[in-house]
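Residue-level listing of the chains:
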Amino acid sequence: TMSLPPLLPKVDAILVLDNDGQRLAGKYYGKFLSGPQEDGKPVEELRTSFEKQVHQKITGIVARADAAEVVTVMGRTVVFCGGSSQPGGGDVRVVHVGPPHESELVLAYLCEGMYDGLSQLMGGTTERAMVLDNLELVFLLIDEHCDGGYILEVDGGKLAGAVLLRDDEGTPSGGGPSGVPQQQGMPPGVSPGDMTLGQAFRQAREQWLSGAL
């Protein structure tokens, strides 16, 4: 019998916020704050309100690059990396908003990967001024990391490399972010139960991409 491939993790939104809670870059996915709302408020107004609530929960908390912090906002699991303990501090926060059922551990892993990719793209820094000067790269990073809410890559080095390749060529890179031909099936000698989170994400991504072509 065929074993089901690992499910691609899904997020409702990816945000890059400064230390004042202002969105510098980001995308919302699916139906979360994306369609007509019952109260008739504009979508952008609702998103800004949500981001203010996120900021209120995480302000003053500095999350290490390898240890994302977790809060709950509007019933959603919100994980983030980065930040500054000082008002007006320079470091931005990378925020992942997950559906209520998504694992905190998985969301933290995703957030840490994108934060690492952002840091590599920005030359080892995540300061607000540097991010603002390179917003095009930041949006490319989000696109390499996530497509339609589905996470495609979590390795910071591969994410940064794929973004720089796309920026140089001006067109999306073919195949996987690392340029390695995508393979069907499980990696040699690896069973689903033995796969790490990273291996599982890559395997699910390859199968999803091959089916979408």
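Residues numbered from 1 in each chain as written. Predicted model: local features only at pLDDT ≥ 70, side-chain atom pairs only at ≥ 80, totals over all residues. Heavy atoms only, no water.

> Honestly, the packing of aromatic side chains in this entry has me stumped. Any pointers?
Think of a pair of aromatic rings as described by two things: how far the centres are apart, and how the planes are tilted against each other in angle. Counting across every chain of the model gives two aromatic pairs. Between Phe32 and Phe50, the aromatic rings sit 5.2 Å apart at their centres with planes inclined by 85 degrees, giving edge-to-face as the arrangement. A residue pair is termed long-range when its members are at least 10 positions apart, and Phe32 in the loop between strand S2 (23-28) and helix H1 (43-58) and Phe50 in helix H1 qualify at 18 residues. On the basis of relative accessible area, Phe32 is assigned to the buried category, the value being 7%. Of the residues examined, Phe50 reaches a relative accessible area of 0% and is grouped as buried. One aromatic cluster is present, built from ring pairs that chain together Tyr28, Phe32 and Phe50. Sitting over the ring of Tyr150, Lys10 keeps its end group 5.4 Å from the ring centre. (Phe/Tyr/Trp six-rings, centres within 6.5 Å; stacked < 30°, edge-to-face > 60°. Helix = DSSP H or I, 4+ residues; strand = E, 2+ residues; numbered from the N terminus. Buried < 20%, exposed > 50% of the residue type's maximum accessible area, 1.4 Å probe, protein only. Lys NZ or Arg CZ within 6 Å of the ring centre and 35° of its normal.)

> Would you mind showing me how to read the sheet that holds S2 here?
Across a sheet, strands are paired by hydrogen bonds formed along the backbone, either parallel or antiparallel in direction. With respect to topology, five strands assemble into an open sheet ordered S2-S1-S5-S4-S3, the strand pairing being antiparallel. The open sheet terminates on both sides in strands that have one partner only, identified here as S2 and strand S3 (69-73). Adjacent strand axes in the sheet meet at a mean angle of 20 degrees when their direction is disregarded. Bridge analysis of strand S1 (residues 13-17) against S2 gives five bridges, and the strand direction is antiparallel. Paired with Val16 across the strands is Ala25, a residue of S2. Sheet contacts for H1: S1, S2, S3, strand S4 (76-82) and strand S5 (93-98); angle to S3, the most-contacted strand, approximately 130 degrees. Lying on the sheet, helix H2 (residues 104-121) is in contact with S1, S3, S4 and S5; it crosses S4 at an angle near 35 degrees. (Pairing = 2+ DSSP bridges. Axes fitted to C-alpha atoms, helices over the stretch in contact; angles between N-to-C directions. Contact = heavy atoms within 4.5 Å.)

> Sorry, what's going on with the confidence of the model for the protein here?
Keep in mind that low pLDDT regions are not for reading the predicted coordinates in detail. Mean pLDDT over the protein stands at 78; residues scoring 70 or higher make up 69%. The model gives residues 1-5 a pLDDT under 50, and that stretch makes two contacts with residues more than four places away or in other chains. Contacts of residues 171-201 to residues separated by more than four positions or lying in other chains number 43 contacts, the stretch itself having pLDDT below 50. (pLDDT = per-residue confidence, 0-100.)

> Help me out: how do you make sense of unusual backbone geometry in this one?
Trans is the common state for peptide bonds, and a negative phi is the common state for residues other than glycine. At Met74, a residue that is not glycine, the phi angle is positive and equals roughly 55 degrees. With respect to the helices and strands, Met74 occurs in the loop between S3 and S4. Look at Met74 and you get partly exposed, because its relative accessible area is 43%.

> I'm lost on the pattern of salt bridges in this one. Help?
Tallying each qualifying case throughout the model produces six salt bridges. For the salt bridge of Asp143 with Lys27, the shortest nitrogen-to-oxygen distance reads 2.6 Å. Within this pair, whereas Asp143 is found in helix H4 (residues 135-145), its partner Lys27 is found in strand S2, the two being separated by 116 residues in sequence. Judged by its relative accessible area of 28%, Asp143 falls in the partly exposed class. Salt bridges sharing common partners tie together Arg23, Glu44 and Glu51. (Salt bridge = Lys/Arg side-chain N within 4 Å of Asp/Glu carboxyl O.)

> Explain the environment of Tyr150 here, please?
Inspection of the secondary structure puts Tyr150 in strand S7 (residues 150-151). It is 9.0 Å that separates the C-alpha atoms of Tyr150 and Tyr29, two residues lying 121 residues apart in sequence. Residue contacts for Tyr150: discarding those within four places in its chain leaves Leu8, Pro9, Lys10 and His145.

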